[in-house]
Amino acid sequence: GGIITQTPKFLIGQEGQKLTLKCQQNFNHDTMYWYRQDSGKGLRLIYYSITENDLQKGDLSEGYDASREKKSSFSLTVTSAQKNEMAVFLCASSIVTGGGYEQYFGPGTRLTVL
Amino acid sequence: SQWGEENLQALSIQEGEDVTMNCSYKTYTTVVHWYRQDSGRGPALIILIRSNEREKRSGRLRATLDTSSQSSSLSITAAQCEDTAVYFCATEETGNTGKLIFGLGTTLQVQP
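Residues numbered from 1 in each chain as written. Chains lettered and ligands numbered in written order. Predicted model: local features only at pLDDT ≥ 70, side-chain atom pairs only at ≥ 80, totals over all residues. Heavy atoms only, no water.

## Thoughts on the overall build of chain A
Point 1. Secondary structure assignment for chain A yields zero helices and 11 strands.
Point 2. The secondary structure elements of chain A, listed N-terminal to C-terminal, are β-β-β-β-β-β-β-β-β-β-β.
Point 3. At 13 Å, chain A has a C-alpha radius of gyration in line with the 13 Å of a compact globule built from 114 residues.
Point 4. The principal-axis extent of the C-alpha atoms belonging to chain A is close to 40 × 30 × 25 Å.
Point 5. Within the span of chain A, comprising 114 residues, buried residues form 49% of the whole.
Point 6. Restricting the contact set of chain A to residue pairs at least 6 apart, pairs at least 24 apart contribute 56%.
Point 7. Looking at chain A as shown, the accessible area adds up to about 5,500 Å², and 47% of this sits on carbon and sulfur atoms.
Point 8. If you average the places of the 12 positive and of the 11 negative side-chain charges in chain A, the two averages end up 6 Å apart. (Helix = DSSP H or I, 4+ residues; strand = E, 2+ residues; numbered from the N terminus. Rg over C-alpha atoms; globule rule 2.2 N^0.38 Å. Buried < 20%, exposed > 50% of the residue type's maximum accessible area, 1.4 Å probe, protein only. Contact = heavy atoms within 4.5 Å. Areas by Shrake-Rupley, 256 points an atom, 1.4 Å probe, with all protein chains shown as cover. Lys, Arg positive; Asp, Glu negative; His and termini not counted. Charge placed at Lys NZ, Arg CZ, Asp CG, Glu CD.)

Pasting the structure below:
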């Protein structure tokens, strides 16, 4: 089996600050995803990457940047944190893109902006 | 939105009861994923059903998919306290992008 590790577990930032969230997977999966989960809402896709150095925008990419420098890692940057923003950011990976394959999720990074 | 409003629900049942959670979706899909999310953790896949399967079972779980009505359901037989979680359905966007479109989720509380 494998595991997805997300760091940090909790992230507190100030309004306007640039914040980076990191994700590592040891499944050797090609595809990785970043989702945002707000209370009372489902997960919404921010960015995904089908291979090293590839980036594809999701439905919620505005205000975020992403980086896939290695197959095993995928970083997400909040370019300018918004005051009172609270959400959980979930990283996921899958062996291939599409075709009904499972996505494996990490435990999440909980963001609070003061 | 991809989902009907009925996809956001909170259910509370007694241990041993059966429960069914429903999802309806608006755009075409060939696969419906069902995930469960425990408090403080990421979602985990519990059952996946494809358009050529009307029903799929896994232990006490049963999923159905009706592509004509664009709806899916997840049933749990003889629910246990450890089934307490949030359950999400997700459709897979066509075009092999791998993008999942998640519903709002059903919070299930199983009381002892």
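## Notes on the packing of aromatic side chains
Residue and element names in this part refer to chain A.
Point 1. This structure, assessed with the given rule, holds 11 aromatic pairs over all chains.
Point 2. Geometrically, the ring pair formed by W34 and F74 is tilted, given 6.5 Å between the ring centres and 40° between the ring planes. Of the two residues, W34 is situated in strand 4 (residues 31–37) and F74 in strand 8 (residues 73–78); the sequence distance between them amounts to 40 residues. (Phe/Tyr/Trp six-rings, centres within 6.5 Å; stacked < 30°, edge-to-face > 60°.)

## Thoughts on the state of the cysteines
All names here are of chain A.
Point 1. Counted under the stated rule, the structure contains two disulfides over all chains.
Point 2. One disulfide in the model links C23 with C91; its S-S distance is 1.9 Å. Taking the sign of the torsion about the S-S bond as the criterion, the disulfide between C23 and C91, at about -75°, is left-handed. Taken together, the residues span a long stretch of sequence, with C23 in strand 3 (residues 19–25) and C91 in strand 9 (residues 86–94) at a distance of 68 residues. (Disulfide = S-S within 2.5 Å.)

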